[in-house]
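# Per-entry structural report
Take a look at the letters that make up each chain.
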Amino acid sequence: MGKQRRVQRKNAAMLDSDDTDSVSSASTSRSEQMMGTGGEDVQTDKESVLDQSLDALFEKRGSTREKALVAMIEGFSSNLPHEFVEKKFATMLHQCLNSIKKGSSKEVALASHAIGLLSLTAGPGKQAQEILEEAISPISEALKSRSDSSKIASLLDCLAVITFVGGNEAVETDKCMQIMWQVVHPKLGPNVVATKPSPPVIAAMVSAWSLLLTTMDGSTLDPKSWQGSISYLSTLLEKDDRSVRIVAGEALALIFEIGNLEKFSVQDVTHIQGLKAKILNQVRNLAVEAGGKGSAKKDLNNQRNTFRDILEFLEDGYSPETSVKIGGESLTTTTWCQLVQLNFIKRFLRGGFIKHMQENEFLHEVFDFTPKKSLHPGGDRVSGTEKRMYKSPNSALNKARTQYLNKQRMLSQASAS
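Quick caveat, the model's predicted, so the values are computed rather than measured.

As a further point, take the overall build of the protein chain. Secondary structure summary: the protein chain contains 21 helices and two strands in total. For the protein chain, the proportion of its 417 residues judged to be buried stands at 49%. The long-range share in the protein chain, meaning contacts at least 24 apart out of those at least 6 apart in sequence, stands at 68%. When the accessible surface of the protein chain is summed, it comes to about 20000 Å², and 50% of that surface belongs to carbon and sulfur atoms.

Right, let's talk about the packing of aromatic side chains for a bit. The tally for this structure, following the rule as stated, stands at seven aromatic pairs. Pairing phenylalanine 164 with phenylalanine 362 gives two aromatic rings, centres 5.9 Å apart and planes at 70°, and the pair type is edge-to-face. Placement of phenylalanine 164 in helix H9 (residues 149–166) and of phenylalanine 362 in helix H19 (residues 361–366) is noted, with a sequence separation of 198 residues between them. Residue phenylalanine 164 is classed as buried on the basis of its relative accessible area, which comes to 7%.

Below, the discussion takes up the pairing of strand E2 (residues 329–333). Of the pairings in the sheet, the one linking strand E1 (residues 322–326) to E2 comprises five bridges and is antiparallel in character. Bridged to serine 323 within E2 is threonine 332. Joining the antiparallel neighbours E1 and E2 is a turn of two residues, in which glycine 327 adopts a positive phi near 55°.

This brings us to the pattern of salt bridges. As enumerated under the stated definition, the model contains ten salt bridges in all. Put simply, lysine 88 and aspartate 51 hold a salt bridge, and the shortest N to O gap is 2.7 Å. With lysine 88 in helix H6 (residues 82–102) and aspartate 51 in helix H4 (residues 39–56), this pair connects stretches of sequence that are 37 residues apart. Judged by relative accessible area, lysine 88 falls into the partly exposed class, the value being 28%. Between glutamate 83 and lysine 87 there is a salt bridge; the shortest N-O distance is 2.9 Å. Here lysine 87 and glutamate 83 lie together in helix H6, a separation of four residues that amounts to about one turn. Looking at glutamate 83, the relative accessible area reads 49%, which means it is partly exposed. Here the residues in one salt-bridge network are Arg242, Arg245 and Glu289, joined through shared partners.

Another point: the confidence of the model for the protein chain. Put simply, the protein chain has an average pLDDT of 80, and 74% of its residues get 70 or more. Low pLDDT, under 50, characterises residues 1–39; the predicted model gives this stretch 50 contacts beyond four residues in sequence or across chains. Note that pLDDT drops below 50 for residues 374–397; the model gives that stretch 36 contacts with residues more than four away or on any other chain.

Here we take up helix H5 (residues 62–78). Residues separated by three or four positions in an α-helix point in the same direction, a consequence of the helix having 3.6 residues per turn. In this model H5 runs 24 Å from its N-terminal to its C-terminal C-alpha over 17 residues, within 8% of the 24 Å that 1.5 Å per residue would give. Counting buried positions along H5 yields 13 of 17 residues, so the element is predominantly enclosed.

Side chains of nonpolar character tend, in soluble globular proteins, to be buried together. Core analysis: the biggest nonpolar cluster contains 113 residues, and Trp209 and Leu233 have the highest contact counts within it. Among residues more than four places away in sequence, those in contact with tryptophan 209 are Met177, Met180, Trp181, Trp226, Leu233, Ile255 and Phe264.

Attention shifts here to the environment of serine 265. Among the structural elements, serine 265 can be located in the loop between helix H14 (242–258) and helix H15 (269–287). Each C-alpha atom, one on serine 265 and one on glycine 228, is 4.8 Å from the other, the two residues being 37 residues apart in sequence. Ignoring anything within four residues of it in the chain, the contact list for serine 265 reads Trp226, Gln227, Gly228, Ile230, His271, Ile272 and Leu275.

The subject of this paragraph is the layout of surface pockets. For the second largest pocket, the calculated volume is near 380 Å³. Lining the second largest pocket are 16 residues, with Ser207, Ile246, Val247, Glu250 and Arg347 positioned closest to its centre. Only H9, helix H11 (199–213), H14 and helix H17 (336–349) provide two or more residues apiece to the lining of the second largest pocket. With five residues, H11 is the largest single contributor of residues to the lining of the second largest pocket. Grouping the amino acids of the lining of the second largest pocket by side-chain chemistry returns eight nonpolar, five polar and three charged.

The N-to-C vectors of H14 and H17 enclose an angle of 145°; their axes lie 9 Å apart at closest approach. Crossing geometry of H14 relative to H17 is assigned as left-handed. Within the contact between the two elements, H14 uses Glu250, Ala253, Leu254 and Glu257 and H17 uses Trp336, Cys337, Val340 and Asn343. In terms of residue class, the contact of H14 with H17 is built from five nonpolar, one polar and two charged.

Reading guide: rules and limits
Within any chain, residue numbers begin from 1 and follow the written order of that chain's sequence. The predicted origin of the model limits local features to residues at a pLDDT of at least 70 and limits the giving and counting of side-chain atom pairs to 80 or more, whereas totals for whole chains, interfaces and linings rest on all residues. Side-chain figures throughout are based on the complete set of non-hydrogen atoms in the structure, without hydrogens or water. Secondary structure is summarised from DSSP: a helix means a run of H or I of at least four residues, a strand means a run of E of at least two, and numbering begins at the N terminus for each. Only protein chains enter the accessibility calculation, which uses a 1.4 Å probe. A residue is then buried if its area is under 20% of the maximum for its type, exposed if over 50%, and partly exposed in between. Any two residues having at least one pair of non-hydrogen atoms within 4.5 Å are treated as being in contact. In these tables, accessible area is a Shrake-Rupley quantity obtained with a 1.4 Å probe, and a residue counts as shielded only by the protein chains included in the view. The criterion for an aromatic pair is that two Phe, Tyr or Trp rings (for Trp, the six-membered ring) have centres within 6.5 Å, with stacked assigned to planes under 30 degrees apart, edge-to-face to planes over 60 apart and tilted to the rest. Here, any two strands with at least 2 DSSP bridges between them count as paired. Basic side-chain nitrogens of Lys or Arg form a salt bridge, by our definition, when they fall within 4 Å of a carboxyl oxygen of Asp or Glu. Note on scores: pLDDT gives the predictor's confidence for each residue, bounded by 0 and 100. A helix's residues, less one, multiplied by 1.5 Å, set its expected span. Working definition of a nonpolar core: buried Ala, Val, Leu, Ile, Met, Phe, Trp, Tyr and Cys residues. They are joined through side-chain atoms within 4.5 Å. Both cavities and pockets are sets of points on a 1 Å grid over the protein atoms alone; in a cavity a 1.4 Å probe fits but cannot get out, in a pocket the set is open with protein on both sides within 12 Å along at least five of seven lines, and lining residues sit with an atom within 4 Å of a point. Grid points are joined across faces, edges and corners, and a volume is the space filled by probe spheres set on the points. Think of it as three bins: nonpolar holds Ala, Val, Leu, Ile, Met, Phe, Trp, Tyr, Cys and Pro, charged holds Asp, Glu, Lys and Arg, and polar takes everything else, Gly as well. Axis angles are defined between N-to-C directions and span 0 to 180 degrees, where every axis is a line fitted to C-alpha atoms and, for a helix, only to the segment in contact. Working rule for handedness: look at the near helix, and if it is turned counterclockwise from the far one by less than a right angle, call the crossing left-handed; if clockwise, right-handed.

As structure tokens, then:
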């Protein structure tokens, strides 16, 4: 045990400097040094950086842990370290959860992002389910602090990603959606102080909530949970913050695409028709809004384009079609459901989006995307049947995915015994 701690401290010391940039680029620079010795050595070097970062998460000094998390995020963004995940995902998960429980706001935000990347890299299965089961409680507790906007936004993003990957049951997903919703609408009690959420927190909550809504079947939603949500999102269209208006508009378009509007409003046809008319008028105004003083032109154009798409959808039923070039191939979306998923995953992965879309088979299935060439020629290929199981965001096919995974686990357990 003493020897292990000495190794951990030695590795941690390599990350314990005041130059944060040197940490974030550590895996890149060291990999470049190894390029002449072949791809296998590069892979080994990246794994060793992750090992050192993981060891540094045991250190008492918060700044050391923060820098280790930065290096770890870089490692998971520039590479998909499946072997590292297979061997050490539980250790990484528990150390990141410790950071969420005890760390500074910055450390919590970094650890949250690292856990989300860990889940996306692992893909659906036993590991992703364990990540979700272990992380729900500490994330839920950390969300109650209402302290720092970036910290809360990162926690919401993390909860969205790990539920998107590891959530198998509608009840489980609904529970996580309620945890998110309560960040903005807390259940008030004797020990709960009502605080006004900041625009970044509201935008993060609606974005995370919408991602999980894409995996739900409208007919199975519990109306007790979500009645009134359309009215709330409608009020957000009148907020000053443009990012809040945009995510609220996309969430409303998603709800109208899913249908079963009575689950999101009071069960009264006249009320729903009146609410839809009000939203239509709001959307029409936002689609042609003139720029105010100090308004960033890019943000304004983004808002206008988004609400023009929403208006066309509400009036004529046409969903926007988008296309993103990835390594010579086009990733196309044709529904609001797919667009919400793409926007969220792209924002979460940041600089690692292209790498993951080229190599992450879970994301290939989510978006029905096939890279131009396989970057893992020796790896297992997913069959056409499995692709069809994965590709739709509808919950019926999510259930098929779950049944498939359960069957595979049972076969594996049977062969092992």
